[in-house]
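Structural overview
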Amino acid sequence: MNDNRLKTVLITGTSSGIGHATALHLARQGFTVLATVRKQADADYLNGYHLSNLSPLCPLDLIHPEQIKEIAAQVKQKITNSDLPPLHAIINIAGGGQIAPIELMNIDAYRQELEKRLVGPIILLQELLPLLRSTHGRVVWIATPALLPVPYISDIHAPDFAINYLARTLNLELLPDGIRNILVRCGGINTSSPEHTEKQLDRMMNQWPEERLRIYRDRLLKLHNEFSKFNTRRTEPEKVAQTIEKVLLTKHPHTRYQVGYMSGFGALAEKLPQSWVDLLMKWREQKPV
């Protein structure tokens, strides 16, 4: 516990879900946790836990480079002044996503998701990698098993596919510096995000042109029914937090971990030829609910 207090970890997206559970879990395990949120109300909520080693950082919206650089400057200054222990990890969790056919996706929301999941984290790394280099620290990326062509959730899976590439490439680029990039691939996790996303889908369906909606309505209703069954089997976010703790404490971590309902299937599919996976997913789409 005392050794963990000598390590600072920065976590993005801690207002709810996996990020929230991870911030609380790591703080309770003794880490010095910097928990980024977009809204002051979320910072106040985290402060309400009265954990002296849990410090919300606000505002940090990863679609705004100026906020990223301001938060990074604060972190660098506090570590330089020894107000915080050295930085040992950055844990990228922030993100959301919409359910929609690619033809009807909200492009502004899609652009923001790409900024939040891909561009913002790289800006943050560019600012803070010198601190991680001095500690041989770690970068943890939370993603879905995204190497599957799943219809109607490309807003979620497309960034995850790119994250898989970024984590693996950064491992090669930063290997000489002793900085490990680890991908934690999550299956179905029991957070508020699925419910929020499904409600967003209902709103979007009411806004789409009828001639376009008519094409997809039955398919999306089938997807909604599948989600209802899937949601009953989701894994609690604390399991992800425990996996992240393992990643931080293991001397020689793997480059990829899996956690959550159906994550094992995603890991298996990654090993199969893409043509097989495409056939499997095509069969799945044609199968009655």
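Reading the values: the criteria
Residues numbered from 1 in each chain as written. Predicted model: local features only at pLDDT ≥ 70, side-chain atom pairs only at ≥ 80, totals over all residues. Heavy atoms only, no water. Helix = DSSP H or I, 4+ residues; strand = E, 2+ residues; numbered from the N terminus. Rg over C-alpha atoms; globule rule 2.2 N^0.38 Å. Buried < 20%, exposed > 50% of the residue type's maximum accessible area, 1.4 Å probe, protein only. Contact = heavy atoms within 4.5 Å. Areas by Shrake-Rupley, 256 points an atom, 1.4 Å probe, with all protein chains shown as cover. Lys, Arg positive; Asp, Glu negative; His and termini not counted. Charge placed at Lys NZ, Arg CZ, Asp CG, Glu CD. Salt bridge = Lys/Arg side-chain N within 4 Å of Asp/Glu carboxyl O. Pairing = 2+ DSSP bridges. Right-handed = clockwise from strand over helix to strand, strands pointing away. Axes fitted to C-alpha atoms, helices over the stretch in contact; angles between N-to-C directions. Parallel < 35°, antiparallel > 145°, perpendicular 65-115°, else oblique. Left-handed = near helix turned anticlockwise from the far one by under 90°. Nonpolar A, V, L, I, M, F, W, Y, C, P; charged D, E, K, R; others polar. Expected span 1.5 Å × (residues − 1). Bend = angle between axes of the 7 residues up to and from the residue. Polar contact = N/O pair within 3.5 Å; in protein donor to acceptor, adjacent residues only side chain to side chain.

**A look at the overall build of the protein chain**
The helix and strand tally for the protein chain stands at 10 helices and seven strands. In terms of C-alpha radius of gyration, the protein chain reaches 19 Å, essentially the compact-globule figure of 19 Å for 289 residues. Considering only C-alpha atoms, the protein chain reaches an extent of 60 × 40 × 30 Å along its principal axes. Looking at the protein chain as a whole, 48% of its 289 residues are labelled buried. Within the protein chain, residue pairs in contact and separated by at least 24 positions form 72% of the contacts whose partners lie at least 6 positions apart. As displayed, the protein chain has an accessible area near 14,600 Å², and 53% of this comes from carbon and sulfur atoms. Within the protein chain, one finds 34 positive and 29 negative side-chain charges whose respective centroids are separated by 6 Å.

**Here's the deal with the pattern of salt bridges**
Pairing between side chains becomes possible if they bear opposite charge and their charged atoms approach one another. Using the criterion set out here, one finds nine salt bridges in the structure. For E127, the salt bridge goes to K76, with nearest N and O atoms at 3.1 Å. Here E127 is found in helix α4 (residues 107-135), whereas its partner K76 is found in helix α3 (residues 65-80), with 51 residues between them in sequence.

**Looking at the pairing of strand β4 (residues 87-92)**
Within β4, five of the six residues are buried, leaving the element largely enclosed by the surrounding structure. For β4 and strand β5 (residues 138-143), the ladder comprises four bridges, and the chain directions are parallel. Opposite I91, over in β5, you have V140 as the bridge partner. Regarding topology, α4 serves as the crossover connection from β4 to the parallel β5, and that connection is right-handed.

**Considerations on the sheet that holds strand β6 (residues 180-186)**
Spatial strand order, β3-β2-β1-β4-β5-β6-β7: seven strands in an open sheet with parallel pairing. Each end of this open sheet is capped by a strand with a single partner; those strands are β3 (54-57) and β7 (256-259). Strand after strand, the sheet turns through a mean of 20° between neighbouring axes, direction not considered. Of the strand pairs in this sheet, β6 and β7 are connected by four bridges, and their pairing is parallel. Bridged to V184 within β7 is Y257. On the sheet, helix α1 (residues 17-28) packs against β1 (8-11), β2 (32-36), β3, β4, β5 and β6 and is oriented at approximately 170° with respect to β1. Against the sheet, helix α8 (residues 237-249) contacts β1, β4, β5, β6 and β7, and its axis sits at roughly 155° relative to β5.

**With respect to the packing of α4 against helix α5 (residues 154-174)**
Closest axis-to-axis distance for the α4/α5 pair is 10 Å, and the angle between their directions is 20°. When the axes of α4 and α5 are compared, the pair comes out roughly parallel. As α4 runs across α5, the sense of the crossing is right-handed. Where α4 approaches α5, its residues A109, Y110, E113, L114, R117, L118, I122, L125, L129 and R133 are matched on the opposing element by D155, I156, A158, P159, D160, A162, I163, L166, L170 and L174. Residues that form the contact of α4 with α5 fall into these classes: 15 nonpolar, no polar and five charged.

**Some points on α4**
With 29 residues, α4 extends 40 Å from end C-alpha to end C-alpha; this agrees with the ideal 42 Å at 1.5 Å per step. Bending of α4 peaks at approximately 55° at the position of L128, with proline P130 no more than four residues after it. The N-cap of α4, judged by a side-chain oxygen 3.0 Å from the amide nitrogen of D108 a few residues on, is N106. Immediately downstream of α4, the backbone of H136 shows phi near 55°, a positive value.

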